[in-house]
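Report on the structure
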Amino acid sequence: MLTALVAATVSARIAEVLAHYATEVFGLMGNGNAHLVDAVARSEMAYTAVRHEAATVASADAYFRVSRKLAVATTTYGAGYTNTMTALADARMNQSPLVLVVGDAPTTCHRPWDVDQTQMAAAVGVPTFTVDQSHAGATTLAALRHAVEQRTPVVLAIPYDLPAATAEAESLELPERIEPPTITPDAHAITKAATALREAKRPVILAGRGARHAIPELTRIADRLRAVTTTSAPARGSFGGRTLDVGVCGGFASERAQGLLAQADVVLAVGASLNQFTMGFGNLFPAGTRIIQVNETATANHPQVSEAIQADSKLAAAALEATLDTVTPHRWQEFSDDEIAGAHFDREPGEALAADGRLDPRSLMAQLERALPENRLVVTDGGHFIGWPNTYLSLPSPDSIVMVGTAYQSIGLGFASAPGAAVAQPDRTLVVITGDGGGLMALADLDSTVRAAQRAIVVVMNDSAYNAEVTQYGTIGLNQDAMLIDEVNFAAFAEGVGAEGRIIRTLNDLAELGAWLAEHETGTLLLDCRISKSVVAPYQHEIMAKLRASLGISEAALE
């Protein structure tokens, strides 16, 4: 049915169409989007102000990852726009549909500070849709369609001379919902995969974030096969409570879990990109392992993949379940359930303090696992520290962890993405974990996090270093001066933006967390945890080995 659009200005017309499909906007106002932000305020969409442009896209991305709903980001032109590039690149790599509405150069001329924003977006794989007075609504709808149907962020550009200009009359057919196309699996490919799973003696089901809506089917398949289940890091929590689940796959896996996964003869990988970390840099599964990948892309994402099935994860899982005959549960027969159960958290407990007198991050994270509310929503920045929450913190369900920036190997998007997660699920306790390096890069949006969250615990893993660089490059002899950070008092920063802050130097100091949680249903507490950089996260050893091999450096040469 055609809908007559009534908004008078170009900005209002854009907001009118966006409001049919989005409820949340994350933005920072400037010259290029001031009228758009005003139009959003007059619409039914909610507007969350952030303090740095990177956070507009990072928060919209996090909102989608948690809620599965499209969100809108908005910034001005020029410097405001270029500040979004890292978050935009990461959103593209994660196939997150969102619309970034930005100012752009005027239609009449280019000013000295204007850059080719369309080409910049194209360089990170993101298309741009530019509005005009005649088709502002239609262009906005086209951008929305492309974002959802192609599973990608898009840029919607408003030339500088148009935001307050009169929009010409338009009538558009606005569907009730915009959804991505459904990709039906090939029946022959499903039969072939089912046969491989029937014949397997060591089957493994690996679920990525793209399999979140197929978890019931995959769980039943795994139970029928008595298969071991595992997930990529962003999908942790998917098989929680299952006896034969070994938790996270790849470099974050425990040694016992890695040993079990290394015995797999058939792996069904669903909705996972199979990046180098999930695959343990190619060392996790033996060369002869048959890996069947189900993904919405047409090609395999890793050279070890034997067969790639392009399909919607849920449809493929349902077809596999229907195709599998009743199977005698003889899989993994040398192991009892108890020998497999608990492999995820079979970790080194750590010491109360490391040799240098600072907190051991392992024992710190283990104690946080016991102290933090179970109904947690975890947001992590990138950096060396990321190995600790991914190995010691349990998650209650899928979509309980947000890792914006990690696909692009960025740090500094933890505080930037946290507001989006908080808005997506305000009733859960937000747990934001960052390093001191990434935390300092994104400090402006600690304020945004405090304002957006109903209740939040911020954990700063403060080791006074860019520790990934220390462990990778400092250990091969490079000068470490640039890798170190003067110790910062993050607790003081927290108090400056209306939160409470505590410096944690011993495990006993964490008693203050329990007391705070008992007394506060709302508010934010920041824990400035003074950890040792001498304790190296296990996954870093994989990276270090890869780096040293590329440089031709032997371990003996470093002794």
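The following refers to the structure shown. Just so it is clear, the structure is predicted and the values come from calculations on it, not from any experiment.

Cut-offs used in this document
- Residues numbered from 1 in each chain as written.
- Predicted model: local features only at pLDDT ≥ 70, side-chain atom pairs only at ≥ 80, totals over all residues.
- Heavy atoms only, no water.
- Helix = DSSP H or I, 4+ residues; strand = E, 2+ residues; numbered from the N terminus.
- Rg over C-alpha atoms; globule rule 2.2 N^0.38 Å.
- Buried < 20%, exposed > 50% of the residue type's maximum accessible area, 1.4 Å probe, protein only.
- Contact = heavy atoms within 4.5 Å.
- Phe/Tyr/Trp six-rings, centres within 6.5 Å; stacked < 30°, edge-to-face > 60°.
- 1 Å grid on protein atoms, 1.4 Å probe; cavity = no way out; pocket = protein on both sides within 12 Å on 5 of 7 lines; lining within 4 Å.
- Points joined across faces, edges and corners; volume = space filled by probe spheres on them.
- Nonpolar A, V, L, I, M, F, W, Y, C, P; charged D, E, K, R; others polar.
- Pairing = 2+ DSSP bridges.
- Axes fitted to C-alpha atoms, helices over the stretch in contact; angles between N-to-C directions.

Helix and strand counts for the chain come out as 22 helices and 20 strands. Here the C-alpha radius of gyration of the chain, 24 Å, is about what a compact globule of 559 residues would show, namely 24 Å. Expressed as lengths along the three principal axes of its C-alpha atoms, the size of the chain is roughly 75 × 60 × 50 Å. Across the 559 residues in the chain, those meeting the buried criterion constitute 57%. Here the contacts in the chain between residues at least 6 apart in sequence split such that 76% fall between residues at least 24 apart.

Let us now look at the packing of aromatic side chains. By the definition in use, this model includes six aromatic pairs. Seen from their ring centres, Trp-388 and Tyr-392 are 6.3 Å apart, and the 50 degrees between their planes marks the pair as tilted. Accessibility assignment for this pair places Trp-388 and Tyr-392 in one class, buried. Here the aromatic rings of Phe-490 and Phe-493 are separated by 6.1 Å at their centres, their planes lie at 65 degrees, and the arrangement is edge-to-face.

Time to look at the layout of surface pockets. Put simply, the second largest pocket is a space of about 330 Å³. Lining of the second largest pocket is provided by 17 residues; of these, Ser-254, Glu-255, Arg-347, Glu-348 and Pro-538 occupy positions nearest its centre. No other element matches helix 21 (residues 538-551), which puts three residues into the lining of the second largest pocket. Considering only residue class, the lining of the second largest pocket consists of seven nonpolar, four polar and six charged.

Moving on, we get to the sheet that holds strand 15 (residues 376-380). Read from one edge of the open sheet, six strands run 16-15-17-18-20-19, paired in parallel fashion. Because the sheet does not close on itself, it has two edges, and the strands there are strand 16 (401-402) and strand 19 (500-504). Relative to strand 16, strand 15 is paired through two bridges, and the arrangement is parallel. Across the sheet, residue Val-379 finds its bridge partner in strand 16, namely Val-402. Lying over the sheet, helix 13 (residues 361-371) contacts strand 15, strand 18 (455-462) and strand 20 (523-530), oriented at roughly 170 degrees with respect to strand 18. Helix 20 (residues 511-519) contacts strand 18, strand 19 and strand 20 of the sheet and is inclined by roughly 165 degrees relative to strand 18.

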